[in-house]
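Structural overview for review
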Amino acid sequence: MSKRIGKPLLIVFFLALLATPLVIKHFNARSESTRSETNGSSALARYGFQLEESSKSAGINFTHQTPTFDPKLKHIMTQVAVVGAAVSVVDFDRDGWNDFYVTNSGEGSRNALYRNQGDGTFKDVAADAGLADLNSRETGVSMGAVWGDYDNDGYEDMFLYRWGRPELFHNDSGKRFTRVSEKAGLPQWINAGTAIWFDYDRDGKLDLFIGGYYSEKINLWQLSDTKMMPESFEYANNGGRKYLYRNLGECKFEEVSEKLGLRSNRWAFAAVAADLRGTGYPDLFVANDYGVSELFFNDGGKRFREVGNETGVGYQPKSGMNASLGDVLNRGHFAIYVSNISEEGILLQGNNLWIPREGTSGDKLKYDNLAREMGVELGKWSFGAQFGDLNNDGHIDLYLVNGYVSDDQNRSYWYDFAKVAGGNRAIISDAKNWPPMDSRSLAGYQQKRVWLNDGAGKFIEVAQAVGVRDIYDGRSVALADFSNRGVLDVVTANQRGPALYYRNTVNPDHKWIAFELEGRSSNRSAIGAQVRVFWNGLQQVQEVSGGSGFCAQNQRRLHFGLGKIEQIDKVEIRWPSGKIEVLAAPGLNKVHRLKESA
Amino acid sequence: MTPEVSTSPTLPDAPEAPGTPDRSFVDGVKWFFSFENRFLAPMLITLILLAGQLSFGFLESYWKTSLAIVTAMFLELVLGRLITGKFPHLASAYISGISIGILVRSPAIWPYALCSLLSITSKYVLRVKDRHIWNPSNFGICALLFLAPFSVASLSIQWGNTFLPMLVVWVLGSLIIYRLKRFHICLTYVLSFAIFSALRSSITGHPFLAEVAPITGPMYQLFVFFMITDPKTTVKSWRGQVLVAFCVALVEMILRLNEIVHAPYYALFLTGPAANLIEIWWNSRQRPRAMDFEGAA
């Protein structure tokens, strides 16, 4: 090439390369600003729903507090005492209205059980129910609660997990709760990060999975030394052990994790169970902080087999902080959503949306991470997320909360965090090597994400437009129809912040259908029951869950948005027992309450 | 004048192969670990890649790393042919590509290709006195960290939970770099980093181990073995090289005290070209004087 022409051309090419990121940024910013300009009634017209933060008018007045651990951790206390705000939805008194429970974590702070009064307001009845005063240095402090009717008496019982002593509370006919932890044979101390109810052996009795975060040998109020941090930012194996409590009936449980192959000391932060392979048995997915996710295939209730690497979900280590399931493509298969950390220019792990690969199933099931392609990858320092059809258009959407430590807004801990996080085991695992936080923020004040599924394989971020503008340090989110209007409202639990209640208003032209299931030969909570709704050549599957997201549990009721249709083709219900029932063209815009046939 | 571009990180104009059939085995081994073996540095970086990937799976993905490597090598071929009129040796482009494939962290695919394109193009565009002055991958990574932080970060994880893979790479890497006669650069930098860590610790009050922690990660192995030792973008004299390595660590310390997360990349980005420009200027002064002297003689 002639040098006279070649050199200028080369310079132009070089400048074009340098300009490429700026062009990409410009186009991204333009499409985002167009969406955030929409609000109020225009959001309802454009996106089919809007959310209004209504905790004050609903009588919800709850602020999460954090514990104070051993003075040896004083310099990084806000980083260690960083979780504990959790929310779980339950109709504990069986009055047909969804209630919810929020946990607190400061020593002496109180948890709250908000009873739905059916008029748009809630009343905290935790003290009367015996579920308020549950946080102390001696017992440990709450991290979350999950509800399941372990004795099949028709009332949802509560398992409370702490960094401390786990507790099982029996629901006495929706009036009071009785502590039955010793009778159940629960351990004295677990620094639990997650717990879920599921009937892994399909014997009709709910079993309990608990995932440890810090090692169970550690008492955070009385540290023998400071070597209690993860030994690696992405390959840590010094977390808490796993527990699987098999329900023997009569409030007796047997710990069978080792026997069934659930062996792991990763730092579990979230778990969810569902039948991913069509075997009838629930498989178990665990999202781990400081490491890879784990997927345990359930071999007939006899054994669990870890297949994370084989299936693709356990290949790349990240900071897993959420596990939720949703049929995002209306193909009748569950995708798994795992949240991680994304901070511009520093750490871009990206969240994972694991979609089952077409043509794979059963033991050969493979997943591909399509978070980027579908637009749900970057959620900042992400925590809890839940799938649900927020605008009843027939495609499930995704609500994500985020934010790690919001403190001094002008001073960041990111540099010091990144400095030590990349260090060797001997350095990172010892808390005394971590520089003091000194009231600095770390990934704080972050804007939440509400991703709207467009039904064509993309999610669009509309949080600001539809009214979600809080920037608290979100941990846990749960979706439920609190007003029996056929719409999903949102409750979020925020670390060192208030519990928020977002009331949803949805375009009334969009139809919906919901199912409340009660098992007979299956567990009475019907946890594990799958419902498939078929319409317009589409199908959507949902499963009754004993816990999902981050330290959260959605309503037991399964809610399907349907869009502007007149009828659906059929509904297929597969109970945990294996029985299948089919409803032909059931009525729309109503909750169908179904009992498993005898 | 046809521009001379880097074709190998060690000795661009070195002989291609062991050569004569009567070469003994010992000579062969000696050659293998010699300054003349153009494949030694590529082999070392491949070893680091394999050690990291096979023991802990530290790559973002095989595809992204492959894309970075293939893009760098392809562009090197194209630009080399167009600008110099001949096909260049691809060792340098391979090292740039593999460094980018390991060091760039992005959920997107485009930064891997763009970083390779920027790195290789910079060698042909940013030249003074027919010499490129930035280490190519350092330039590409800094450009993206600065221009595209919304989509790009850099490798910040460690070698799993054990010292072993790290130790293997440090020992083998040091041996190879020693044979390549550039160990003094690495040693100066590492010692300077340790001393400046102690100094930073005394200034900030943070534990010494916190300050020294970054150098225990794989990012620094690539940085120490490949970026600061790149023959084409380092000064020529032994003393100059030692001084520049010290200055890189010094600038890095200043950046770290200002809490710049990507301090090592930016330190080399600032120091390397400055040193090269000083050397070019110094040499241009020396030549006329030498010619004057010769003329006088």
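Notes on the structure in this doc start here. (Residues numbered from 1 in each chain as written. Chains lettered and ligands numbered in written order. Predicted model: local features only at pLDDT ≥ 70, side-chain atom pairs only at ≥ 80, totals over all residues. Heavy atoms only, no water.)

**What to know about the overall build of chain A**
Secondary structure assignment for chain A yields 11 helices and 40 strands. Over its C-alpha atoms chain A spans a radius of gyration of 24 Å, differing by no more than 12% from the 25 Å that the globule rule assigns to 598 residues. The buried share of chain A, reckoned over its 598 residues, is 65%. Sequence separation of at least 24 residues holds for 62% of the intrachain contacts in chain A that already meet a minimum separation of 6. The positive charge centre, built from 69 side chains, and the negative charge centre, built from 73, are 4 Å apart in chain A. (Helix = DSSP H or I, 4+ residues; strand = E, 2+ residues; numbered from the N terminus. Rg over C-alpha atoms; globule rule 2.2 N^0.38 Å. Buried < 20%, exposed > 50% of the residue type's maximum accessible area, 1.4 Å probe, protein only. Contact = heavy atoms within 4.5 Å. Lys, Arg positive; Asp, Glu negative; His and termini not counted. Charge placed at Lys NZ, Arg CZ, Asp CG, Glu CD.)

**So, the packing of helix H8 (residues 183-204) of chain B against helix H11 (residues 238-257) of chain B**
Residue and element names in this part refer to chain B. For the pair H8 and H11, the least separation of the axes is 8 Å and the interaxial angle reads 30 degrees. Between H8 and H11, the crossing angle belongs to the class labelled roughly parallel. For H8 against H11, the interelement crossing comes out right-handed. Together, His184, Ile185, Thr188, Tyr189, Ser192, Phe193, Phe196, Leu199, Arg200, Ile203 and Thr204 of H8 and Trp238, Gln241, Val242, Ala245, Phe246, Val248, Ala249, Leu250, Glu252, Met253, Arg256 and Leu257 of H11 make up the contact between the two elements. Residues of the contact of H8 with H11, tallied by class, amount to 15 nonpolar, five polar and three charged. (Axes fitted to C-alpha atoms, helices over the stretch in contact; angles between N-to-C directions. Parallel < 35°, antiparallel > 145°, perpendicular 65-115°, else oblique. Left-handed = near helix turned anticlockwise from the far one by under 90°. Nonpolar A, V, L, I, M, F, W, Y, C, P; charged D, E, K, R; others polar.)

**Quick notes on the pattern of salt bridges**
If you walk through the whole model with that rule in mind, you get 45 salt bridges over all chains. Across the pair arginine 131 of chain B and glutamate 279 of chain B runs a salt bridge whose closest N-O atoms are separated by 2.8 Å. Here glutamate 279 of chain B lies in helix H12 (residues 263-296) and arginine 131 of chain B lies in strand S3 (residues 131-132), a separation of 148 residues in the sequence. By the burial criterion, arginine 131 of chain B is buried, and glutamate 279 of chain B matches it. It is possible to trace a salt-bridge network through shared partners that takes in Arg277, Asp283, Asp299, Arg303, Arg305 and Asp363 of chain A. (Salt bridge = Lys/Arg side-chain N within 4 Å of Asp/Glu carboxyl O.)

**Details of the sheet that holds strand S30 (residues 473-480) of chain A**
Residue and element names in this part refer to chain A. As summarised here, the arrangement of the four strands in space is S1-S32-S31-S30, forming an open sheet in which the pairing is antiparallel. If you trace the sheet from one side to the other, it starts and ends with strand S1 (49-53) and S30, each paired once. Adjacent strand axes in the sheet meet at a mean angle of 25 degrees, parallel and antiparallel pairs treated alike. Bridge count between S30 and strand S31 (residues 489-495): seven bridges; the pairing is antiparallel. Looking at S31, one finds that glycine 474 is bridged to asparagine 494. (Pairing = 2+ DSSP bridges.)

**Some words on the environment of phenylalanine 223 of chain B**
All names here are of chain B. Considering the arrangement of structural elements, one finds phenylalanine 223 in helix H10 (residues 218-227). Spatially, the C-alpha atom of phenylalanine 223 lies 9.4 Å from that of cysteine 186, the residues being 37 residues apart in sequence. Ignoring any residue separated from it by four or fewer positions in sequence, one finds phenylalanine 223 in contact with Tyr189, Ile228, Val248, Pro264, Tyr265 and Leu268.

**Details of the interface of chain B and chain A**
Between chain B and chain A, the residue contacts involve 60 residues of the former and 50 residues of the latter. Together, the buried faces of chain B and chain A total about 4600 Å²; carbon and sulfur atoms form 62% of this surface. Ionic pairing is found between glutamate 211 of chain B and lysine 419 of chain A, a salt bridge with its closest N-O pair at 2.9 Å. For the pair chain B and chain A, the interface holds seven residue pairs in polar contact (both at pLDDT 80 or more). Contributing elements (two or more residues each) for the side of chain B that touches chain A: helix H2 (40-56), helix H3 (62-84), helix H5 (110-125), helix H6 (136-147), strand S4 (153-154) and helix H9 (208-212) of chain B. Here the side of chain B that touches chain A takes eight residues from H5 of chain B, the largest share from any one element. (Buried area = accessible area lost by both parts, 1.4 Å probe. Polar contact = N/O pair within 3.5 Å; in protein donor to acceptor, adjacent residues only side chain to side chain.)

**Here's the deal with the packing of H3 of chain B against H5 of chain B**
Residue and element names in this part refer to chain B. Running from amino to carboxyl end, H3 crosses H5 at an angle of 30 degrees, the nearest separation of the two axes being 8 Å. Between H3 and H5, the crossing angle belongs to the class labelled roughly parallel. As for how H3 packs across H5, the hand of that crossing is right-handed. On the side of H3, the interface is formed by Lys64, Leu67, Ala68, Thr71, Ala72, Leu75, Glu76, Leu79, Gly80 and Ile83, while H5 contributes Tyr112, Ala113, Ser116, Leu117, Ile120, Thr121, Lys123 and Tyr124. Grouping the constituent residues of the contact of H3 with H5 by class yields 11 nonpolar, four polar and three charged.

**Examining empty space enclosed by the protein**
Residues and elements named next belong to chain A. Inspection of the entire model under this criterion finds 14 cavities of 30 Å³ or more. Within this model, the largest cavity holds a volume of roughly 430 Å³. Along its surface, the largest cavity is lined by 28 residues, and Leu325, Phe387, Gln542, Glu543 and Asn554 are the ones closest to its centre. Listed by contribution, the elements that provide at least two residues to the lining of the largest cavity are strand S14 (267-274), strand S18 (324-326), strand S24 (382-388), strand S35 (538-543) and strand S37 (558-563). A class-by-class count of the residues in the lining of the largest cavity yields 12 nonpolar, 12 polar and four charged. (1 Å grid on protein atoms, 1.4 Å probe; cavity = no way out; pocket = protein on both sides within 12 Å on 5 of 7 lines; lining within 4 Å. Points joined across faces, edges and corners; volume = space filled by probe spheres on them.)

**Observations regarding the packing of aromatic side chains**
All names here are of chain A. Within this structure, the stated rule accounts for 58 aromatic pairs over all chains. Aromatic pair tryptophan 414 and phenylalanine 417: ring centres 5.5 Å apart, planes at 85 degrees, arrangement edge-to-face. With tryptophan 414 and phenylalanine 417 both in helix H9 (residues 414-421), this residue pair falls three residues apart, about one helical turn. Sitting above the plane of the tyrosine 281 ring, arginine 202 keeps its charged end 4.6 Å from the centroid. (Phe/Tyr/Trp six-rings, centres within 6.5 Å; stacked < 30°, edge-to-face > 60°. Lys NZ or Arg CZ within 6 Å of the ring centre and 35° of its normal.)

**As for the state of the cysteines**
All chains considered together, the criterion is met by zero disulfides over all chains. Considering cysteine sulfurs only, cysteine 142 of chain B is the nearest to cysteine 115 of chain B, which forms no disulfide, with 9.2 Å between them. (Disulfide = S-S within 2.5 Å.)

**With respect to helix H7 (residues 164-179) of chain B**
Spanning 16 residues, H7 of chain B covers 23 Å between terminal C-alpha atoms, matching the ideal 22 Å at 1.5 Å per step. Following H7 of chain B by one or two positions, lysine 181 of chain B adopts a phi angle in the positive range, close to 65 degrees. (Expected span 1.5 Å × (residues − 1).)

**Regarding a nonpolar patch on the surface**
A cluster of nonpolar side chains, namely Leu164, Leu167, Val168, Val171, Leu172 and Leu175 of chain B, defines an oily patch on the protein surface of about 530 Å² accessible area. Of note, valine 171 of chain B is situated in helix H7. (Patch = residues over 30% accessible without salt bridge, like charges linked within 9 Å, V, L, I, M, F, W, Y side chains within 5 Å. Areas by Shrake-Rupley, 256 points an atom, 1.4 Å probe, with all protein chains shown as cover.)

**Concerning the pairing of strand S28 (residues 449-453) of chain A**
Residues and elements named next belong to chain A. The element S28 is extensively covered by neighbouring structure, given that five of its five residues are classed as buried. Going residue by residue along S28, you find Arg449, Trp451 and Asn453 tucked away on one face and Val450 and Leu452 tucked away on the opposite face as well. Relative to S28, strand S25 (residues 397-402) runs antiparallel, the two sharing three bridges. Following the sheet pairing, leucine 398 is matched in S28 by tryptophan 451. In this sheet, strand S29 (residues 459-461) lies alongside S28 in antiparallel orientation, the contact comprising three bridges.

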